[in-house]
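Here are the chains, one letter per residue:
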Amino acid sequence: MKRLWSWAGVVFAALYGLAFLALYVDYVRRSGTWFADLPLTLAALPFTLTMRALNGGSYAFGGDMSGRVAAAGVFGAALAYLAGLIVESVIRAIVRLALRIRAAGP
């Protein structure tokens, strides 16, 4: 990969970060009720599954674990950035191929 800068990646990461922050604010507002951190836990699922694999099968995550919540937000934003980078790279390659075919002409 030549370039690692991606506007789509930045947009995806920002959207994920905003959604994750909104879910955390929702958790704080509903703290103390049943399943208050369920949406936050689902948003942090990639982080939790990765940490379980690295820890050997056991890893706890909850909304009251502020360090883990921050780490999950950064991890998810990084994954969203990579997804945006891949999408943008594929689109750029398709456009480049189409322009090359068009330039070759009939």
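A brief look at the structure comes next. These numbers were taken from a predicted model, which means no experiment stands behind them.

A word on the packing of aromatic side chains
For the coordinates displayed, the defined rule picks out six aromatic pairs. Taken together, a centroid distance of 6.1 Å and an interplanar angle of 40° make the contact between Tyr24 and Tyr27 tilted. A residue pair is termed a helical-turn pair when its members lie 3 or 4 positions apart in one helix, as Tyr24 and Tyr27 do in helix H1 (residues 7-30) at three residues. Taking the relative accessible area as the measure of exposure, Tyr24 reaches 27% and is therefore partly exposed. Using a relative accessible area of 10% as the deciding quantity, one classes Tyr27 as buried.

A look at a nonpolar patch on the surface
Together, Val11, Phe12, Leu15, Val87, Ile91, Val95 and Leu99 give the surface a local cluster of nonpolar side chains, amounting to about 600 Å² of exposed area. With four residues, helix H4 (residues 66-104) is the single largest residue contributor to the nonpolar patch.

Section: the environment of Asp64
By secondary structure assignment, the location of Asp64 is in the loop between helix H3 (45-55) and H4. Of the residues examined, Asp64 reaches a relative accessible area of 62% and is grouped as exposed. For the pair Asp64 and Tyr27, spaced 37 residues apart in sequence, the C-alpha separation works out to 9.0 Å.

Rules used throughout
Residues numbered from 1 in each chain as written. Predicted model: local features only at pLDDT ≥ 70, side-chain atom pairs only at ≥ 80, totals over all residues. Heavy atoms only, no water. Phe/Tyr/Trp six-rings, centres within 6.5 Å; stacked < 30°, edge-to-face > 60°. Helix = DSSP H or I, 4+ residues; strand = E, 2+ residues; numbered from the N terminus. Buried < 20%, exposed > 50% of the residue type's maximum accessible area, 1.4 Å probe, protein only. Patch = residues over 30% accessible without salt bridge, like charges linked within 9 Å, V, L, I, M, F, W, Y side chains within 5 Å. Areas by Shrake-Rupley, 256 points an atom, 1.4 Å probe, with all protein chains shown as cover. Salt bridge = Lys/Arg side-chain N within 4 Å of Asp/Glu carboxyl O.

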